[in-house]
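# Remarks on the overall topology
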Amino acid sequence: MKRTLLITNANSGNANGVDEQVVSSSLDRAGLEIVERRLLPGQELPTQDELSDSAIEVVAVISGDGTISNLYANLAKWSGSILVLPGGTMNLLSRRLHGDLPLATLLDELNKDTLRAQQIPLIIASDRHILTGLTVGPSTRWAEVREGMRHADLQSLAETIPAAWSETLADEGVWVGNDSENQFASLFIEPVDGDNLSVIGFLVSNIGDMVGHGLAWLRKDFRDGPHADLGIMQQVSIASAEPQTSVLIDGEASELAVPIHCHAAMSEVRFLVHQSQ
């Protein structure tokens, strides 16, 4: 049995109300013994030193992509493994690692024979390690609308929906390399393997595209919005007319200086990947 720390984020989209006994039984069946628990946001994410002091071998985390990204940043070159369990809104990393399985199904399938520890591909952009994807450009403001919907915050929606519409329809977009003739409302970059990145450009040429973007964000997968596949690239440089642009790093809002240079790499920490039998 591997000594396991279980982290649950009560503020994440699907983590609230998780049956801890079911989680414990499922992890036990997979050879993972929960010896410590942390509940976010009331407690902090662990550091590498804390895990070493407690002889933790696996961190299992029920949360969204942003929390997992922050956890990975904390652990640097830790020798243990991370088990991602879907508890957020989009759960892009869980879907990539385990397939599109809801938490209950994944827990039901876990056992010692289905989990493999391995490095996973990621993006390095502006010295940031990005696990699931980097979204760059004005239409990232729709993420604020999505959060307002999730929390049923009417005041927030009254402010964020007009702002998202306005910024997405703005003349200035983002582009790849020097190709400023082909601008996009946003670009999405995700890792394919340790050498290659996939690049998607999101289009806003008419009111139909605009509505399509809004619906895609509110349905929790912005990748379904009107877009153009720009192909597989080993390196990507993203430019805009502004010195900084809004971004989503693993789903979390931020800003980065332009140009943004991206390349693929493999993770320094291993992840437990479920392989259905």
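Residues numbered from 1 in each chain as written. Predicted model: local features only at pLDDT ≥ 70, side-chain atom pairs only at ≥ 80, totals over all residues. Heavy atoms only, no water.

### Some words on the packing of aromatic side chains
- Scanning all chains against the criterion turns up one aromatic pair.
- Taken together, a centroid distance of 6.2 Å and an interplanar angle of 20 degrees make the contact between tyrosine 72 and phenylalanine 271 stacked. On the criterion of sequence distance, the pair formed by tyrosine 72 in helix H3 (residues 65-75) and phenylalanine 271 in strand E17 (residues 270-274) is long-range, its members being 199 residues apart. The same class applies to tyrosine 72 and to phenylalanine 271, which are both buried. (Phe/Tyr/Trp six-rings, centres within 6.5 Å; stacked < 30°, edge-to-face > 60°. Helix = DSSP H or I, 4+ residues; strand = E, 2+ residues; numbered from the N terminus. Buried < 20%, exposed > 50% of the residue type's maximum accessible area, 1.4 Å probe, protein only.)

### Things to note about the pattern of salt bridges
- If you walk through the whole model with that rule in mind, you get four salt bridges.
- For glutamate 20, the salt bridge goes to arginine 37, with nearest N and O atoms at 3.1 Å. Linking glutamate 20 in helix H1 (residues 20-29) with arginine 37 in strand E2 (residues 32-40), this pair joins segments that are 17 residues apart in sequence.
- Residue classification places arginine 37 among the partly exposed residues on the basis of a relative accessible area of 38%.
- Here the salt bridges share partners, and the residues they tie into one network are Glu36, Arg38 and Glu50. (Salt bridge = Lys/Arg side-chain N within 4 Å of Asp/Glu carboxyl O.)

### Observations concerning unusual backbone geometry
- Here the residue pair leucine 40 and proline 41 is connected by a cis peptide bond, since its omega of 5 degrees sits within 30 degrees of zero.
- In this structure, the amide linkage connecting valine 258 to the following residue, proline 259, adopts the cis form with an omega of 5 degrees.
- Within the secondary structure, proline 259 is located in the loop between strand E15 (252-257) and strand E16 (260-266).
- Despite not being glycine, alanine 55 has its phi angle at roughly 55 degrees, a positive value.
- You can see alanine 55 is positioned in the loop between helix H2 (48-53) and strand E3 (58-63).

### Details of the sheet that holds strand E1 (residues 2-9)
- With respect to topology, six strands assemble into an open sheet ordered E2-E1-E3-E4-E17-E5, the strand pairing being mixed. At either end of the open sheet lies a strand with only one pairing partner, and these are E2 and strand E5 (115-118). With strand direction ignored, the average angle separating the axes of adjacent strands in the sheet is 25 degrees.
- Looking at chain direction, E3 and strand E4 (residues 81-86) are connected through six bridges and run parallel. Its bridge partner lying in E4, isoleucine 62 is registered against leucine 85. (Pairing = 2+ DSSP bridges. Axes fitted to C-alpha atoms, helices over the stretch in contact; angles between N-to-C directions.)

### Quick look at the confidence of the model for the protein
- Mean pLDDT for the protein: 83, with 77% of residues reaching 70 or above.
- Low confidence marks residues 148-162, where pLDDT is under 50. Its contacts with residues over four positions away, or in another chain, come to 14 contacts. (pLDDT = per-residue confidence, 0-100. Contact = heavy atoms within 4.5 Å.)

### Some words on the sheet that holds strand E7 (residues 128-130)
- In space, the five strands of this open sheet follow the order E7-E6-E16-E13-E9, with antiparallel pairing throughout. In this open sheet, the two edge strands, each paired with only one partner strand, are E7 and strand E9 (174-176). Each adjacent strand pair in this sheet contributes to an overall mean axis angle of 30 degrees, direction not counted.
- Sheet analysis places strand E6 (residues 121-125) next to E16, joined by five bridges and oriented antiparallel. When the bridges of E16 are listed, isoleucine 124 appears paired with histidine 263.

### Quick look at the environment of aspartate 49
- Looking at the element boundaries, aspartate 49 is found in helix H2.
- Spatially, the C-alpha atom of aspartate 49 lies 10.0 Å from that of asparagine 74, the residues being 25 residues apart in sequence.

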